[in-house]
Amino acid sequence: MSGHGDPVPMTSRRAEALRGVAEVPGDKSISHRALILGAMAVGETRITGLLEGQDVLDTARAMRAFGAGVEQHGPGEWSVFGVGVGGFAEPEQVIDCGNSGTGVRLIMGAMATSPIAATFTGDASLNGRPMARVTDPLALFGTQVMGRSGGRLPMTLTGAAEPVPVRYTVPVPSAQVKSAVLLAGLNAPGQTVVIEAEATRDHTERMLAGFGADIATEMTEAGRVITLTGQPELRPQAIDVPRDPSSAAFPVCAALICEGSDVLVPGIGLNPTRAGLYETLRDMGADLTYENMREEGGEPVADLRARYSPDMKGIEVPPERAASMIDEYPILSVVAAFAEGRTMMRGVRELRVKESDRIAAMATGLRANGVTVEDGPDWWAVSGMGPGGVPGGGMTASHLDHRIAMSFLSLGMAAKKAVRVDDAGPIATSFPIFGTLMAGLGARIERSNR
Ligand code: S3P
């Protein structure tokens, strides 16, 4: 939904050891895709483990507006009755994608090659984010776009009546842009080709193959070349959504920095295009193990066990790993504050155009809690203060960004003094049970006065 309710200020105090099993919700990226591809298949797609965060609920509502049937049977259990590729109806109302860049960008792609018009909007965060990165390639299919200056929402797209296939090299490492082009390519005749220099999350490619599309990925000197044959009939699927590695990052990282902790986070999706944080934590010396590695629904899955790790060292995070951990830099910077030495994060310009400018938001909030942070246009560095060494005591702003709010609440679990967050409301977009789950492990988070 655009706009949020009243701010929800929260305070997080130093916790005793965090212990127990943390069952985090379904993967946000996969949940969006399951609903959208389900809506583009012919017949009933059954989904279990769907994330019921606000971002995904907004995508479910949007799919209904385009004519698909979307029904909830029970917690995480949903059916989508798809209308087929090219079968979307024109929505009668504005499509409000709330806080979700993934939702709006993928849905724009999915409707861009059907002869219908749709107007998109979102909350203050989403309406400030760049959309030209998606609408520029969609225009190559013949889609018409009219929006605010700077390529911002609200924006109206009129889908191409006679789309042509596209060959497009994605200029920024973005799975959302790649996915928007592939989804648009579904209703274009012939072959649509997307080339990405850096590998980004590949859930769209995997799921398209599962739905029966003709899609192939080739590694070349230019990077990954993905070729999709248009106008397939997508076959409905049964999709079991793995638990979200980006949400798992919070209980895992909190356990690493809270003395005496031992937390098991079962059933986490560990697709290599998403698992960069966990490699980085191990490089820093974290006591983090993968147990019971297996494959579920075409995605690698494992149980993660994280124990208090007082010997972590700051490192230079390999920039080529950035895409595989792009959403995890905020919580990594919190862990880095409790390590010995400096953690340098380079090649992360994209962090500046997420739900907030995540480098600015984290740098400001960490400094307010006594941590030294340096930053530049596409890099930042955190000077670690060692285990138990972070003063805390600061007020932080979440800037309508769920991951910023969860990162600072995690900081408070191990800092000397309590950490306050001005608005934890956005956490409901991706991890609605964050507060109860963390409290169940032993965290001390409570609602505070502003
Ligand atoms: C996502 C892609 C990433 C990520 C976002 C989810 C996706 O965004 O930050 O949270 O599901 O495709 P970009 O495509 O902008 O890198």
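Predicted model, so just to flag it, every value in this text is computed and none were measured.

The rules behind the values
- Residues numbered from 1 in each chain as written.
- Predicted model: local features only at pLDDT ≥ 70, side-chain atom pairs only at ≥ 80, totals over all residues.
- Heavy atoms only, no water.
- UniProt positions renumbered as here; feature names shortened; annotations may be inferred.
- Helix = DSSP H or I, 4+ residues; strand = E, 2+ residues; numbered from the N terminus.
- Domains from an automatic or database assignment.
- Contact = heavy atoms within 4.5 Å.
- Buried area = accessible area lost by both parts, 1.4 Å probe.
- Buried < 20%, exposed > 50% of the residue type's maximum accessible area, 1.4 Å probe, protein only.
- Pairing = 2+ DSSP bridges.
- Axes fitted to C-alpha atoms, helices over the stretch in contact; angles between N-to-C directions.
- Polar contact = N/O pair within 3.5 Å; in protein donor to acceptor, adjacent residues only side chain to side chain.
- Near = heavy atom within 4 Å.
- Areas by Shrake-Rupley, 256 points an atom, 1.4 Å probe, with all protein chains shown as cover.
- Salt bridge = Lys/Arg side-chain N within 4 Å of Asp/Glu carboxyl O.
- Parallel < 35°, antiparallel > 145°, perpendicular 65-115°, else oblique.
- Left-handed = near helix turned anticlockwise from the far one by under 90°.

Engineer: How should I be thinking about the UniProt feature "domain: Enolpyruvate transferase" (unreviewed entry) in the chain in this particular structure?
Structural biologist: Under the UniProt annotation, the feature "domain: Enolpyruvate transferase" (unreviewed entry) is placed at residues 16–434. Annotation note: span residues 16–434, helix share 29%, strand share 29%, distance between end C-alpha atoms 18 Å.

Engineer: Could you clarify how one ought to interpret the domain arrangement of the chain in this entry?
Structural biologist: Where the parts come together, the accessible area they lose is often given as the size of the interface. Domain boundaries in the chain define domain 1 (10–26 + 242–447) and domain 2 (28–228). Each of domain 1 and domain 2 has a C-alpha centre, and these two points are 28 Å apart. Between domain 1 and domain 2, the residue contacts involve 25 residues of the former and 26 residues of the latter. For the pair domain 1 and domain 2, the summed buried surface comes to about 2,000 Å²; carbon and sulfur atoms form 49% of the total.

Engineer: For this particular structure, what's the right way to read the side chain of Ser31?
Structural biologist: Structurally, the position occupied by Ser31 is in helix H1 (residues 28–40). Residue Ser31 is classed as buried on the basis of its relative accessible area, which comes to 0%. The residues touching Ser31, leaving out its near neighbours within four places in the chain, are Gly26, Leu50, Leu51, Val56 and Val241.

Engineer: Would you explain helix H9 (residues 329–337) in this entry?
Structural biologist: Because each turn of an α-helix spans 3.6 residues, side chains separated by three or four positions in sequence point in the same direction. For H9, the buried fraction is high: 9 of the 9 residues fall into the buried class. Taken residue by residue, H9 has Tyr329, Pro330, Ile331, Leu332, Ser333, Val334, Val335, Ala336 and Ala337 as its buried positions.

Engineer: Got a minute to help me understand the sheet that holds strand S2 (residues 19–21) in this structure?
Structural biologist: Sheets are built from strands paired through backbone hydrogen bonds, the pairs being either parallel or antiparallel. The sheet built from 4 strands is open, its strands ordered S2-S15-S17-S16 with mixed pairing. Since the sheet does not close on itself, it has two edges, and those belong to S2 and strand S16 (287–296), each with one partner. Averaged over neighbouring strand pairs, the angle between their axes works out to 20° when direction is ignored. The sheet contact formed by S2 and strand S15 (residues 262–269) spans 3 bridges and is parallel. Looking at S15, one finds that Arg19 is bridged to Asp262.

Engineer: Please clarify how the environment of Ser29 should be interpreted in this entry.
Structural biologist: Among the structural elements, Ser29 can be located in helix H1. Sequence spacing of Ser29 and Ala337 is 308 residues, and the spatial spacing of their C-alpha atoms is 28 Å. At 2.9 Å, the side chain of Ser29 forms a polar contact with the side chain of Arg201.

Engineer: Please clarify how the site of the ligand should be interpreted in this entry.
Structural biologist: Taken together, Ser29, Arg33, Thr102, Pro173, Ser174, Ala175, Gln176, Arg201, Ile326, Asp327 and Lys354 make up the full set of residues adjacent to the ligand. Within the contact set of the ligand, an oxygen atom lies 2.7 Å away from a side-chain nitrogen or oxygen of Ser29. Contact distances for the ligand include 2.8 Å between an oxygen atom and a backbone N or O atom of Gln176. Burial of the ligand by the surrounding chains reaches 95%, relative to a free accessible area of 390 Å².

Engineer: Just to check I follow, could you spell out the pattern of salt bridges for this structure?
Structural biologist: Pairing of side chains with opposite charge becomes possible as their charged atoms draw close. For the coordinates displayed, the defined rule picks out 32 salt bridges. Across the pair Arg13 and Glu446 runs a salt bridge, and its minimum N-O distance is 3.2 Å. A residue pair is termed long-range when its members are at least 10 positions apart, and Arg13 in strand S1 (residues 10–13) and Glu446 in strand S24 (residues 444–447) qualify at 433 residues. When its relative accessible area of 40% is taken as the criterion, Glu446 is described as partly exposed. A salt bridge links Asp375 to Arg352, with the nearest nitrogen and oxygen atoms 3.2 Å apart. Within this pair, whereas Asp375 is found in strand S20 (residues 372–376), its partner Arg352 is found in the loop between strand S19 (340–346) and helix H10 (358–368), the two being separated by 23 residues in sequence. Taking relative accessible area as the criterion, Asp375 reaches 32% and is therefore assigned partly exposed.

Engineer: When you look at the sheet that holds strand S4 (residues 69–74) in this model, what are you seeing that I'm missing?
Structural biologist: Read from one edge to the other, the open sheet built from 4 strands follows the order S4-S5-S3-S14, with strand pairing classed as mixed. Pairing within the sheet leaves two strands with one partner each, and these edge strands are S4 and strand S14 (238–240). Averaged over all neighbouring strand pairs, the angle between strand axes comes to 20°, with direction disregarded. Where S4 and strand S5 (residues 77–83) come together, 5 bridges link them in antiparallel fashion. Residue pairing in the sheet places Glu71 in a bridge with Ser79 of S5. Lying over the sheet, H1 contacts strand S3 (42–48), S4, S5 and S14, oriented at roughly 35° with respect to S5.

Engineer: Mind showing me how you'd approach the pairing of S20 here?
Structural biologist: Within a regular beta strand, the side chains point alternately toward one face of the sheet and then the other, so they alternate between its two faces. Pairing of S20 with strand S21 (residues 379–385), which is carried by 5 bridges, proceeds in the antiparallel orientation. Bridge pairing links Gly376 to Trp379 in S21. Linkage of S20 to S21, two consecutive antiparallel strands, is achieved through a turn of 2 residues.

Engineer: Help me out: how do you make sense of the packing of helix H7 (residues 245–257) against helix H8 (residues 276–284) in this one?
Structural biologist: The axes of two packed helices give the description: the angle between them and the distance between them. Between H7 and H8, the shortest axis-to-axis distance is 10 Å and the interhelical angle comes to 20°. Taken together, the axes of H7 and H8 are roughly parallel relative to one another. Read as a crossing pair, H7 and H8 show a hand that is left-handed. Along its contact with H7, which presents Pro245, Ala248, Ala249, Val252, Cys253 and Leu256, the element H8 presents Leu277, Tyr278 and Leu281.

Engineer: Could you clarify how one ought to interpret the UniProt feature "binding site: phosphoenolpyruvate" (unreviewed entry) in the chain in this entry?
Structural biologist: Residues annotated in UniProt with the feature "binding site: phosphoenolpyruvate" (unreviewed entry) correspond here to Lys28, Gly101, Arg129, Gln176, Arg358 and Arg403. In this fold, Lys28 is placed in helix H1. Taking the relative accessible area as the measure of exposure, Lys28 reaches 8% and is therefore buried. The residues contacting Lys28, other than those within four sequence positions of it, are Leu51, Asp55, Val56, Asp244, Glu355, His402, Arg403, Thr429 and Ser430. In this fold, Arg403 is placed in helix H11 (residues 402–414). A relative accessible area of 3% places Arg403 in the buried class. If sequence neighbours within four positions are ignored, Arg403 has contacts with Lys28, Ser246, Phe250, Asp327, Pro330, Arg358 and Ser430.

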